[in-house]
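# Structure assessment
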Amino acid sequence: VQLQASGGGLVQAGGSLRLSCAASGFTSDDYAIGWFRQAPGKEHEFVAAISGSGGSTYYADSVKGRFTISRDNAKNTVYLQMNSLKPEDTAVYYCAGDNTGSYGYDYWGQGTLVTVSS
């Protein structure tokens, strides 16, 4: 299984970015994807997750109402649309995959850096 995160960059506060997580190697679409982030000097933080069908989504309180997670199973890609970005959203964002139903995330992609300037 491989997960490839992309879409990070530099954006001004109030702006938007869309991250993508391209998955390969899963034998079916029944895998959840989560987005996590780690800011300098801070702990790893859950951001959002989506079930295999896309029917269930979960968000951290800090991003609820600003970020939207979605997936296109035909493209094996999960997206994280980030709007109204704040400087505190600056972090390396990682996507992770779980095909056990436990949201334990056995598979991790490399990170993509998001920098929000004030």
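You'll find the structure just up there.
Throughout what follows, the structure given in this document is the object of discussion. (Residues numbered from 1 in each chain as written. Predicted model: local features only at pLDDT ≥ 70, side-chain atom pairs only at ≥ 80, totals over all residues. Heavy atoms only, no water.)

### Quick look at the overall build of the protein chain
When helices and strands are tallied, the protein chain shows zero helices and eleven strands. Put simply, the protein chain runs from its N terminus to its C terminus through helices and strands in the order β-β-β-β-β-β-β-β-β-β-β. Against the 2.2 N^0.38 benchmark of 13 Å for 118 residues, the protein chain shows a C-alpha radius of gyration of 13 Å, consistent with a compact globule. Taking the principal axes of the C-alpha coordinates as reference, the protein chain spans close to 45 × 25 × 25 Å. Counting the 118 residues in the protein chain, one finds 42% classified as buried. Put simply, of all contacts in the protein chain between residues at least 6 apart along the chain, 53% involve residues at least 24 apart. (Helix = DSSP H or I, 4+ residues; strand = E, 2+ residues; numbered from the N terminus. Rg over C-alpha atoms; globule rule 2.2 N^0.38 Å. Buried < 20%, exposed > 50% of the residue type's maximum accessible area, 1.4 Å probe, protein only. Contact = heavy atoms within 4.5 Å.)

### Topic: the sheet that holds strand S8 (residues 77-82)
Pairing in this open sheet of four strands is antiparallel, and the strands run S1-S3-S8-S7 from one edge to the other. Only two strands of the sheet have a single partner each, and these edge strands are strand S1 (2-6) and strand S7 (67-72). Pairwise comparison of adjacent strand axes, ignoring direction, gives a mean angle of 15 degrees for this sheet. Bridge count between S1 and strand S3 (residues 17-24): five bridges; the pairing is antiparallel. Bridge pairing in S3 places alanine 5 opposite cysteine 21. (Pairing = 2+ DSSP bridges. Axes fitted to C-alpha atoms, helices over the stretch in contact; angles between N-to-C directions.)

### As for the pattern of salt bridges
Tallied over the full model, the rule gives four salt bridges. With its nearest N and O atoms 3.1 Å apart, the salt bridge here joins lysine 64 to aspartate 61. Each of Arg37, Glu45, Arg66 and Asp89 takes part in a single network of salt bridges with overlapping partners. (Salt bridge = Lys/Arg side-chain N within 4 Å of Asp/Glu carboxyl O.)

### Digging into the environment of asparagine 83
Its place among the elements puts asparagine 83 in the loop between S8 and strand S9 (91-98). Assessed through its relative accessible area of 29%, asparagine 83 is described here as partly exposed. Those residues within four positions of asparagine 83 in sequence are excluded, and the remaining contacts are Gly15, Ser16, Arg66 and Phe67.

### Focus on the state of the cysteines
Taken as a whole and judged by the stated rule, the model has one disulfide. Here cysteine 21 connects covalently by a disulfide to cysteine 95, the sulfurs 2.2 Å from one another. Judged by the sign of its S-S torsion, about 75 degrees, the bond between cysteine 21 and cysteine 95 is right-handed. In this pair, cysteine 21 is assigned in strand S3 and cysteine 95 in strand S9, connecting sequence segments 74 residues apart. For the pair cysteine 21 and cysteine 95, one class covers both residues: buried. (Disulfide = S-S within 2.5 Å.)

### Considering the environment of serine 102
Of note, serine 102 is situated in the loop between S9 and strand S10 (107-108). Once the C-alpha coordinates of serine 102 and serine 56 are considered, the two residues, 46 residues apart in sequence, prove to be 14 Å apart. Polar side-chain contacts of serine 102 include one of 2.8 Å to the side chain of threonine 100. (Polar contact = N/O pair within 3.5 Å; in protein donor to acceptor, adjacent residues only side chain to side chain.)

Just geometry here; none of it tells us what the structure is for.
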